[in-house]
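Below are the chains, spelled out letter by letter.
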Amino acid sequence: MTTLRADLTALFAAAELTDVEVDAAIADEHVRSAYRRVIAADSTDPRELAAVLARDPEPLTAKTAVVNLLDYIAEKTADPTKFQQQSADIVTEADRLAPPNDRAFVRQRVRDWQLWLDTENGQPPDAAALSAASDWMQRRLADFSASPQTLALLAEHARTKKTRNTAATKTNPRNP
């Protein structure tokens, strides 16, 4: 608990979160949902933050916080190269997550965001990368991508019918 206390104290201070009590956060992982606010404060180096988040004693809380950090970085940057560099540091720290499945989930999320950033920056989509993308990312691409090539591939090869239909509708909208 000493490490958790020191970690939370430092994170909350750096993010200027004066309304979150460290003792309450130590006792209840739900209070540690303040990690989202720490991430949004952008006051700590992402690799250092990932190291602290991955040390959380509750595995689900740790994984969720690391994924939230990746999501924040991906949504904040439009540069695939910058994301690749920062996410590599985060994955290194996420390798400390207890269940191996959590580590695999973090790596998948990195691949998903890299695909998103690449396609949104005009890089032609790779069919293998699209098929390896999670259902979440396939849906996100179908819902929000402006890339005709990406939508065409998803309309044909997405795993779920809903995603295929969404992409097909955006590729060939019906005129009333």
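Just above sits the structure.
Residues numbered from 1 in each chain as written. Predicted model: local features only at pLDDT ≥ 70, side-chain atom pairs only at ≥ 80, totals over all residues. Heavy atoms only, no water.

Each helix and strand counted, the protein has 11 helices and 0 strands in total. The helix and strand sequence of the protein, counted from the amino end, reads α-α-α-α-α-α-α-α-α-α-α. Relative to its 176 residues, the protein shows a buried fraction of 43%. Pairs at least 24 residues apart make up 55% of the contacts formed inside the protein by residues separated by at least 6 positions. For the protein, the accessible area works out to roughly 9,600 Å², and carbon and sulfur atoms hold 51% of it. Side chains of the protein give 22 positive and 26 negative charges; the mean places of these two sets differ by 7 Å. (Helix = DSSP H or I, 4+ residues; strand = E, 2+ residues; numbered from the N terminus. Buried < 20%, exposed > 50% of the residue type's maximum accessible area, 1.4 Å probe, protein only. Contact = heavy atoms within 4.5 Å. Areas by Shrake-Rupley, 256 points an atom, 1.4 Å probe, with all protein chains shown as cover. Lys, Arg positive; Asp, Glu negative; His and termini not counted. Charge placed at Lys NZ, Arg CZ, Asp CG, Glu CD.)

So, about helix 9 (residues 135-144). Three or four residues apart is the spacing at which side chains of an α-helix point the same way, because the helix has 3.6 residues per turn. All buried positions along helix 9 are accounted for by Met137, Gln138, Leu141 and Ala142. Down the axis of helix 9, the buried side of the element spans an arc of 135°, and every buried residue falls inside it. (Arc of directions from axis to C-beta.)

Before going further, it helps to examine empty space enclosed by the protein. Enumeration according to the criterion identifies 1 cavity of 30 Å³ or more in this entry. What lines the largest cavity is Ile39, Asp42, Thr44, Pro46, Leu49, Leu69, Tyr72, Ile73 and Lys76. For the lining of the largest cavity, the secondary-structure elements that each account for two or more residues are helix 4 (46-54) and helix 5 (59-76). Residue composition of the lining of the largest cavity, grouped by class: 6 nonpolar, 1 polar and 2 charged. (1 Å grid on protein atoms, 1.4 Å probe; cavity = no way out; pocket = protein on both sides within 12 Å on 5 of 7 lines; lining within 4 Å. Points joined across faces, edges and corners; volume = space filled by probe spheres on them. Nonpolar A, V, L, I, M, F, W, Y, C, P; charged D, E, K, R; others polar.)

So, on to the environment of Leu130. Here Leu130 is to be found in helix 8 (residues 127-132). Note: C-alpha distance between Leu130 and Lys162 (32 residues apart in sequence) is 16 Å.

So, about the packing of aromatic side chains. Here the distance between the centres and the angle between the planes together describe a pair of aromatic rings. Per the stated rule, a full pass over the model turns up 1 aromatic pair. Lying across the ring of Trp136, Arg109 places its NZ or CZ 3.8 Å from the centre. (Phe/Tyr/Trp six-rings, centres within 6.5 Å; stacked < 30°, edge-to-face > 60°. Lys NZ or Arg CZ within 6 Å of the ring centre and 35° of its normal.)

Turning our attention to the nonpolar core. In this structure, Leu8, Phe12, Leu53, Leu69, Phe83 and Val106 are the most contacted members of the largest nonpolar core, which totals 47 residues. Per-element accounting of this core gives the leading share, 8 residues, to helix 5. Residues contacting Leu8, with those up to four places away along its chain left out, are Val22, Ala25, Ile26, Arg32 and Tyr35. (Core = buried A, V, L, I, M, F, W, Y, C linked by side-chain atoms within 4.5 Å.)

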